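Below are the chains, spelled out letter by letter.
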Amino acid sequence: MEALMNWLEAQLADNSIFTLQTLGYYGEGLVTTVQLVFLSLIIGLVLAVPLAIGRGSRHAWLRLPIFFYCYVFRGTPLLVQLYLIYYGVVFVEGIQDTWLWLILEKPFVPALIAFTLNTAAYTTEIFRGAIKSTPRGEIEAARAYGMSWGLMMRRIVLPSAFRRALPAYGNEVIFMLHASAIASVVTIMDLTGAARFVYARFYAPFDAFLFVAAIYLCLTFAIIYFFRHLEKRLLAHLKPASG
Amino acid sequence: MHNAKLLLAATLGASLFATTLHADEPIRLAVDVPYEPFEYKLPDGTLTGFEVELGNAVCEYLDEACTWVEQPWDGMIPALQARKFDAIMSSMAITEERARQVLFSEPYYTTPSAWITAKGNDIDISDRDSLEGLTVGVQRATLQDNYVTDLYGDVLEVRRYASADDVIADMRTGRLDLTFMDYPIAEAMIDIDTPESDFKRVSDFIKEPEKYFGQGVGVAFRQRDRELAERFNEALQALKTNGTYDEIMAKYFSYDVKL
């Protein structure tokens, strides 16, 4: 370990910007960004499935609130939502005296809430479209088999909808990664926050931001690769038959 | 081919002509507003403040037209390099790192910083161990940021904000226990050291070490604009001696900021 650190230090000896300290900031930023994006995507996905089903409901009392939620969160900039949630929670009377404040006091959770609600709204719309485009014949066949609504959803509609939604959802994941760059406005030291810090310290915008751009590119590459792999497996039946 | 040459000649000619005309173009000075009492806007939208008035006085002395350009702080130096304006007169303290990028005039003022907390908090800055785990807010990319990060980064949790407004907002929400702030800013924004203020100062005025606080605040120019910097130095020196500087200073400060 020590040998590794010495080697790294020697490598970095002739530049004043990328020292072990600043690389440490980038490292912590990477962890924060990945945590923030991963958690918000997972929670957003879990929220989006029932919302997408409800969004297509025949009952207006279920459909309309979900429509309204999606409309608001897709219709306003994420930055504005982040500000509203970060500074807005304070206006809830007496919140500073409850245990909730212990969580909301740190910038991480307000940002996580904003990102989650935002991605859930987009994902709901992606899934709704996929559910809606289920071929009629599949539904009729399921009914003909006497499947209940729940069983039909679970066995027929949702599995094929998820497959259809996959490419669009992969896009949403990449967007979310890039959108997370605004987390630093509420003092979170994410990747962009680290880049801003280094930039501010050394007045070297190109070095600081090119480096961080490269890290984002690597992350995006991993996401693309993951989704390509997933598509290959799950959408294998759509590939033209070969041989 | 011939046309291209002609065009080239015309462009060259035009650019030569432009340089000779340069004297008539206004000098563009950049500020980041609001930064009371140095630069801020009156309710009717006019720009004013200590540096704005001083800058105008310099221009008047030099018999030059000046315009003010608003530029957010963290893009200040790159925008100067990109010729979006000609000089920064926005409380930019002279530091070695900045001096590698820009050319500074002689310093024209200096202000102390101070540790501030909410009234009701009991914090002793000199007792390092008692600071463990507290949060401090600073404006990103300021001297205060560097000072706190280097000297207190190991005990305090440093949170960096885009503007002083955001720091104050989170001081009020209770997210921050402390802020380390340029004192005049604290005076203007939260009436520090008055009975009405919600906040109190918990340290002396801090102006050292020079490594962080520099030699004071200077006007920043592009490295190559040596001539313009010299003229500014001459004007500032004249204003300091003929009483104009003191007159402006008295309007904004109850203490001496002159250098």
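Residues numbered from 1 in each chain as written. Chains lettered and ligands numbered in written order. Predicted model: local features only at pLDDT ≥ 70, side-chain atom pairs only at ≥ 80, totals over all residues.

*Asks:* Can you help me understand the overall build of chain B in this one?
*Replies:* Counting its regular elements, chain B contains 10 helices and 12 strands. Dimensions of chain B along its principal axes, counting C-alpha atoms only, are 75 × 45 × 35 Å. Among the 259 residues that make up chain B, the fraction classed as buried is 36%. When contacts within chain B are restricted to residue pairs at least 6 apart in sequence, those whose partners lie at least 24 apart make up 71%. (Helix = DSSP H or I, 4+ residues; strand = E, 2+ residues; numbered from the N terminus. Buried ≥ 20, exposed ≤ 12 C-beta atoms within 10 Å, placed from the backbone. Contact = placed C-beta atoms within 7 Å.)

*Asks:* Just to check I follow, could you spell out helix 4 (residues 78-88) of chain A for this structure?
*Replies:* Residues three or four positions apart in an α-helix share a direction because the helix packs 3.6 residues into each turn. Residues and elements named next belong to chain A. Every buried residue of helix 4 is accounted for by Gln81, Leu82 and Tyr86. Angularly, the buried residues of helix 4 cover 120 degrees about the axis, an arc narrow enough to put them on a single face. Exposed side of helix 4, more than 90 degrees from the buried face: Val80 and Gly88 are the residues found there. (Arc of directions from axis to C-beta.)

*Asks:* Can you walk me through the UniProt feature "domain: ABC transmembrane type-1" (unreviewed entry) in chain A in this structure?
*Replies:* Per the UniProt annotation, the sites labelled "domain: ABC transmembrane type-1" (unreviewed entry) are residues 30-227 of chain A. Between the first and last C-alpha atoms of residues 30-227 of chain A the distance is 21 Å; the span itself is 80% helix and 0% strand. (UniProt positions renumbered as here; feature names shortened; annotations may be inferred.)

*Asks:* Could you clarify how one ought to interpret unusual backbone geometry in this entry?
*Replies:* Excluding glycine, residues mostly carry a negative phi; peptide bonds, for their part, are mostly trans. Residue and element names in this part refer to chain B. At the junction of Val33 and Pro34, the peptide bond is cis and its omega measures out at -5 degrees in the coordinates. Inspection of the secondary structure assignment puts Pro34 in the loop between strand 1 (27-31) and strand 2 (40-41). Residue Glu36 is joined to Pro37 through a cis peptide bond whose omega torsion reads -5 degrees. Examined against the element boundaries, Pro37 turns out to sit in the loop between strand 1 and strand 2.

*Asks:* I tried to follow the domain arrangement of chain B on my own but got confused; where do I start?
*Replies:* How big an interface is tends to be stated in terms of the accessible area lost upon association of its parts. Residues and elements named next belong to chain B. Examined at the domain level, chain B breaks down into domain 1 (26-110 + 215-252) and domain 2 (113-213). Taking the mean C-alpha position of each, domain 1 and domain 2 sit 26 Å from one another. Taken together, the contact pairs 8 residues of domain 1 with 10 residues of domain 2. Residues of the side of domain 1 that touches domain 2, tallied by class, amount to 4 nonpolar, 2 polar and 2 charged. (Domains from an automatic or database assignment. Nonpolar A, V, L, I, M, F, W, Y, C, P; charged D, E, K, R; others polar.)

*Asks:* Explanation requested: the interface of chain A and chain B in the structure shown.
*Replies:* Taken together, the contact between chain A and chain B spans 12 residues of the former and 17 residues of the latter. No other element matches the 4 residues that helix 9 (residues 191-202) of chain A contributes to the side of chain A that touches chain B. Taken together, the residues of the side of chain A that touches chain B sort by class into 8 nonpolar, 2 polar and 2 charged.

*Asks:* So what exactly am I meant to see when it comes to the sheet that holds strand 4 (residues 66-70) of chain B here?
*Replies:* Sheets are built from strands paired through backbone hydrogen bonds, the pairs being either parallel or antiparallel. Residues and elements named next belong to chain B. Strand order in the open sheet formed by 5 strands is 4-1-5-12-6, with mixed pairing between adjacent strands. A single partner strand is all that each edge strand has here, and the edge strands are strand 4 and strand 6 (103-104). With 5 bridges connecting them, strand 1 and strand 4 associate as parallel partners. Within strand 4, the residue paired with Leu29 across the bridge is Trp68. (Pairing = 2+ DSSP bridges.)

*Asks:* Sorry, what's going on with the pairing of strand 10 (residues 178-182) of chain B here?
*Replies:* Every regular strand shows the same layout, with side chains that alternate between the two sheet faces. Residues and elements named next belong to chain B. In terms of burial, strand 10 is a largely internal element, 5 of the 5 residues being buried. For strand 7 (residues 113-118) and strand 10, the ladder comprises 5 bridges, and the chain directions are antiparallel. Counted as the bridge partner of Ile116 is Thr179 from strand 10. The pairing of strand 8 (residues 135-139) with strand 10 spans 2 bridges and is parallel. In the strand pairing of strand 10, Val136 is matched with Leu178.

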